[in-house]
Amino acid sequence: WNHILLIDSNSPLMEQLNFFHDHTLLIITLITILVGYNMLSLLTNSFINRFLLHGQLIEIIWTILPAIILLFIAFPSLRLLYLLDETNKPSLTLKSIGHQWYWSYEYSDFKNIEFDSYMVPSAELNEGDFRLLDVDNRIVLPNHTQIRLIATATDVIHSWTVPSLGVKIDATPGRLNQTNFYMNRSGLFFGQCS
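If you're wondering where the values come from, they're calculated on a predicted model, not measured in any experiment.

1. Describing the packing of aromatic side chains
Across all of its chains, the model carries five aromatic pairs by this definition. Taking the centre distance of 4.5 Å and the plane angle of 25 degrees together, the rings of Tyr102 and Tyr118 count as stacked. Here Tyr102 is found in strand β2 (residues 102–107), whereas its partner Tyr118 is found in strand β3 (residues 114–118), with 16 residues between them in sequence. A residue is classified by how much of its surface remains accessible, and Tyr102, at 22% relative accessible area, is partly exposed. With 5.1 Å between their ring centres and 80 degrees between their planes, Phe130 and Phe190 make a pair best called edge-to-face. Here Phe130, found in the loop between β3 and β4 (146–153), pairs with Phe190, found in the loop between β7 (177–182) and β8 (192–193); they are 60 residues apart in sequence, far enough to count as distant.

Written as structure tokens, this is what we have:
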């Protein structure tokens, strides 16, 4: 819980999000080092060349180079946005309905499987339970299966989030939003309304 980096991924999409984060962080680090070096050299050197302030070539370079750097960030970002929005053939559909302080779930592929999921009050937590994350009825989902999540709400806008899956979808009253996810391994994964 005290890590600085992103949470361990449990889905291929979250792995791609981690890779994109690392890729962008590397580019930002290189830019910061280059700009810092240039600022330090400007402060410590005394330039006496009279042609130093006149240069078409350097102006062309510092105009085109940031555009190329932005392309190195934009193309992986667009690829990732496409992957996040891609809809595969789901094997299971889960409907999530956001209410104030709890969620209702329906397994749409099965008959009459509906339940409410409330947060466990702090006074009723057992040793090892997580405050404000544990619920009384957990969702049980299969791994290595494409799952479609349909989210809506009854009162206000909610956000169904599981960080390790790379899933965050808004549940808006009167509207059905959908997303897909795929779990690589089994385990207990916590989400939250953010």
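That shown, we press on.
2. Regarding the sheet that holds strand β1 (residues 92–99)
The five strands are arranged β3-β2-β1-β4-β7 in an open sheet whose pairing can be described as mixed. In this open sheet, the two edge strands, each paired with only one partner strand, are β3 and β7. On average, each strand axis in the sheet is tilted by 25 degrees relative to the strand beside it, whichever way the strands run. The pairing of β2 with β3 spans five bridges and is classified as antiparallel. Residue pairing in the sheet places Tyr102 in a bridge with Tyr118 of β3.

3. Observations concerning the domain arrangement of the protein chain
According to the domain assignment, the protein chain contains domain 1 (12–85) and domain 2 (92–183). Across the contact, five residues belong to domain 1 and six residues belong to domain 2. Summing both sides of the interface, domain 1 and domain 2 together bury roughly 350 Å²; the carbon and sulfur share of this comes to 61%. Three residues stand out in domain 1 for area buried against domain 2, namely Pro12, Leu13 and Met14, and they jointly supply 79% of the buried area on that side. In this assembly, domain 1 and domain 2 are joined by zero salt bridges. The interface formed by domain 1 and domain 2 includes zero residue pairs in polar contact (both at pLDDT 80 or more). With four residues, the top contributor of residues to the side of domain 1 that touches domain 2 is helix α1 (residues 12–44). Taken together, the residues of the side of domain 1 that touches domain 2 break down into five nonpolar, no polar and no charged.

4. Digging into the pairing of β2
One ladder, built from six bridges, connects β1 with β2; its direction is antiparallel. Bridge assignment links His99 to a residue of β2, and that residue is Tyr102. Between β1 and β2, which pair antiparallel in sequence order, lie two residues; one of them, Trp101, sits at a positive phi of approximately 75 degrees. Between β2 and β3, which pair antiparallel in sequence order, lie six residues; one of them, Asn112, sits at a positive phi of approximately 55 degrees.

5. Concerning the packing of α1 against helix α2 (residues 56–85)
The axes of two packed helices give the description: the angle between them and the distance between them. Close contact between α1 and α2 brings their axes to 11 Å; oriented N to C, the two are set at 170 degrees. In terms of axis orientation, α1 runs roughly antiparallel to α2. Contact residues: α1 offers Leu13, Gln16, Leu17, Phe20, His23, Thr24, Ile27 and Ile31, while α2 offers Ile69, Phe72, Ile73, Pro76, Ser77, Arg79, Leu80, Leu83 and Leu84. A breakdown of the residues in the contact of α1 with α2 according to their chemical character gives 12 nonpolar, four polar and one charged.

Cut-offs used in this document
- Residues numbered from 1 in each chain as written.
- Predicted model: local features only at pLDDT ≥ 70, side-chain atom pairs only at ≥ 80, totals over all residues.
- Heavy atoms only, no water.
- Phe/Tyr/Trp six-rings, centres within 6.5 Å; stacked < 30°, edge-to-face > 60°.
- Helix = DSSP H or I, 4+ residues; strand = E, 2+ residues; numbered from the N terminus.
- Buried < 20%, exposed > 50% of the residue type's maximum accessible area, 1.4 Å probe, protein only.
- Pairing = 2+ DSSP bridges.
- Axes fitted to C-alpha atoms, helices over the stretch in contact; angles between N-to-C directions.
- Domains from an automatic or database assignment.
- Contact = heavy atoms within 4.5 Å.
- Buried area = accessible area lost by both parts, 1.4 Å probe.
- Salt bridge = Lys/Arg side-chain N within 4 Å of Asp/Glu carboxyl O.
- Polar contact = N/O pair within 3.5 Å; in protein donor to acceptor, adjacent residues only side chain to side chain.
- Nonpolar A, V, L, I, M, F, W, Y, C, P; charged D, E, K, R; others polar.
- Parallel < 35°, antiparallel > 145°, perpendicular 65-115°, else oblique.

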